[in-house]
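Residue-level structural notes
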Amino acid sequence: MRLVFMGSPGFALPALHGLRAAGHEIAAVYCQSPKPVGRGLRVRKCAVHEAADEFGIEVRTPRSLRNNAGEIEYLRGLDAECCVVVAYGLILPEAVLAVPRRGCLNIHASLLPRWRGAAPIQAAILAGDACTGVTIMQMDAGLDTGAILLTEATPIAPDDTAATLHDRLAAMGARLVVQVIDGDYVPVAQQGAGSYAPKLSRADAEIDWTLPVAAIDRRVRGLTPWPGTETRLEGEPIKILSAVVGEGQGKPGTVLDHRLTVACGAGALRVTAVKRAGGRPMSADDFLRGHAIPPGTLLG
């Protein structure tokens, strides 16, 4: 089948590779335009853009598709049967949705209508969901409200992070979208009001030690690797890279022992890996060898 692929980050790469491996022709790739990143603000292409360049596929990076008659005309000229959309980053207006003969399919990283929106993987962990999954959806003008073509679930393990779940769901989505394109699936309307997973920001990183340990543990895992979680030690931000549920109790934010176990609103969290501003990631044990944090120290 002749397809247009719309996606930007690494989550979309398995789908791009899977569609090509299945023999489908990618007429063009649409993705976010290159942006300055890092301390040096070096302009860098997104993961899908780099892959498309390697494959010799035409890449389009419009800043918007709304009221963009020229881009819509170009898209129409590609004569694609279907458009596959995976974490593209731009809203598709109805004029774009109507161009491909078989419409636009979206790979969404949740079991819709659970967790519509920008951060469904993180939201599932933060909420303590027992499972999540991937939905292949026939796109409409709403926010992740289109009819469902195929879903598959996966349990969320106690040690899953947003990073591990991301990789598992990306591979699952790639497999499912190929099944849908190669098969004959009947769209089924979504049932229920659904939940919304808003876009995350760096402001979400700060740990509130008054929360129960289960909630803080989910926050550390759910926000790994971005935006991460952090607390403050004598005013200095310290990123918490990993942690496990510990033992003990005390005033929230108080260090309880020499292993960096911290009291929460209920229970305690033992920090196992950290990173100082400008420093390298290290285990909590290595960090404590050079930065003693005696019991009784208050974090936050």
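Predicted model, so just to flag it, every value in this text is computed and none were measured.

As for the overall build of the protein
- Counting secondary structure elements, the protein contains 8 helices and 16 strands.
- Taken along the three principal axes of its C-alpha coordinates, the protein extends 65 × 45 × 35 Å.
- Considering the protein as a whole, with its 300 residues, one finds that 46% of them fall into the buried category.
- Long-range contacts, defined here as pairs at least 24 residues apart, represent 63% of the contacts in the protein between residues at least 6 apart.
- Accessible surface, the protein as shown: approximately 14500 Å² in total, 53% of it carbon and sulfur.

A look at the sheet that holds strand β6 (residues 82-86)
- Taken in spatial order, the 7 strands of this open sheet run β5-β2-β1-β6-β7-β9-β10, and their pairing is mixed. Sheet topology places β5 (59-60) and β10 (147-155) at the edges, where each strand pairs with a single neighbour.
- Sheet topology note: the strand β2 (residues 25-30)/β5 ladder contains 2 bridges and is parallel. Across the sheet, residue V29 finds its bridge partner in β5, namely V59.

Observations concerning the pairing of β2
- Counted residue by residue, β2 has 5 buried out of 6 residues, so it is predominantly covered.
- Taken together, the 5 bridges between strand β1 (residues 2-7) and β2 define a ladder with parallel strand orientation. When the sheet's bridge partners are listed, V4 is paired in β2 with A28.
- Handedness of the β-α-β unit built from β1, helix α1 (residues 13-21) and β2 comes out right-handed.

A look at the nonpolar core
- Core analysis: the largest hydrophobic core is formed by 44 residues, its most contacted members being F5, L19 and V29.
- Here this core gets 11 residues from one element, more than from any other, and that element is helix α6 (residues 162-182).
- With sequence-adjacent residues up to four places away left out, L19 is seen in contact with L3, F5, H24, I26, V84, V177, V178 and I181.
- V220, I238, C264 and L299 belong to the second-largest nonpolar core, a separate cluster that totals 21 residues.

Describing the packing of α1 against helix α2 (residues 47-55)
- The contact between α1 and α2 brings their axes to 10 Å, and the two run at 25 degrees. Between α1 and α2, the angle is such that the two are roughly parallel. Along the contact surface, α1 presents L13, L16, H17 and R20, while α2 presents A47, V48, A51 and F55.
- Across the contact of α1 with α2, the residue classes break down as 6 nonpolar, 1 polar and 1 charged.

A few points about the packing of α1 against α6
- Taken N-terminus to C-terminus, the directions of α1 and α6 make an angle of 35 degrees; their axes are 8 Å apart at the nearest point. As α1 runs across α6, the sense of the crossing is right-handed. Facing P14, A15, G18 and L19 of α1, the residues of α6 in contact are A170, A171, A174, V177, V178 and I181.

Observations concerning unusual backbone geometry
- Going from L112 to P113, the amide bond is cis rather than trans, its omega being 10 degrees.
- Positionally, P113 belongs in the loop between β7 (104-108) and β8 (116-117).
- Following W226, the chain continues to P227 via a peptide bond in cis, the omega torsion being 5 degrees.
- Along the chain, P227 falls in the loop between α7 (213-222) and β12 (229-233).

A look at the environment of A109
- Within the element layout of this structure, A109 appears in the loop between β7 and β8.
- Of the residues examined, A109 reaches a relative accessible area of 7% and is grouped as buried.
- Along the sequence, A109 and L16 sit 93 residues apart, while their C-alpha atoms lie 16 Å from each other.
- Those residues in contact with A109 that sit more than four places away from it in its chain are F11, P120, I121, T132, G133 and L169.

Thoughts on the side chain of Q190
- Inspection of the secondary structure assignment puts Q190 in the loop between α6 and β11 (196-197).
- At a separation of 2.8 Å, a polar atom in the side chain of Q190 contacts the main-chain carbonyl oxygen of G146.
- If near-sequence neighbours (up to four positions away) are discounted, Q190 is found in contact with L112, P113, R116, M137, D144, T145, G146 and I148.

Basis of the calculations
Residues numbered from 1 in each chain as written. Predicted model: local features only at pLDDT ≥ 70, side-chain atom pairs only at ≥ 80, totals over all residues. Heavy atoms only, no water. Helix = DSSP H or I, 4+ residues; strand = E, 2+ residues; numbered from the N terminus. Buried < 20%, exposed > 50% of the residue type's maximum accessible area, 1.4 Å probe, protein only. Contact = heavy atoms within 4.5 Å. Areas by Shrake-Rupley, 256 points an atom, 1.4 Å probe, with all protein chains shown as cover. Pairing = 2+ DSSP bridges. Right-handed = clockwise from strand over helix to strand, strands pointing away. Core = buried A, V, L, I, M, F, W, Y, C linked by side-chain atoms within 4.5 Å. Axes fitted to C-alpha atoms, helices over the stretch in contact; angles between N-to-C directions. Parallel < 35°, antiparallel > 145°, perpendicular 65-115°, else oblique. Nonpolar A, V, L, I, M, F, W, Y, C, P; charged D, E, K, R; others polar. Left-handed = near helix turned anticlockwise from the far one by under 90°. Polar contact = N/O pair within 3.5 Å; in protein donor to acceptor, adjacent residues only side chain to side chain.

Purely spatial values, then, with no claim about function.
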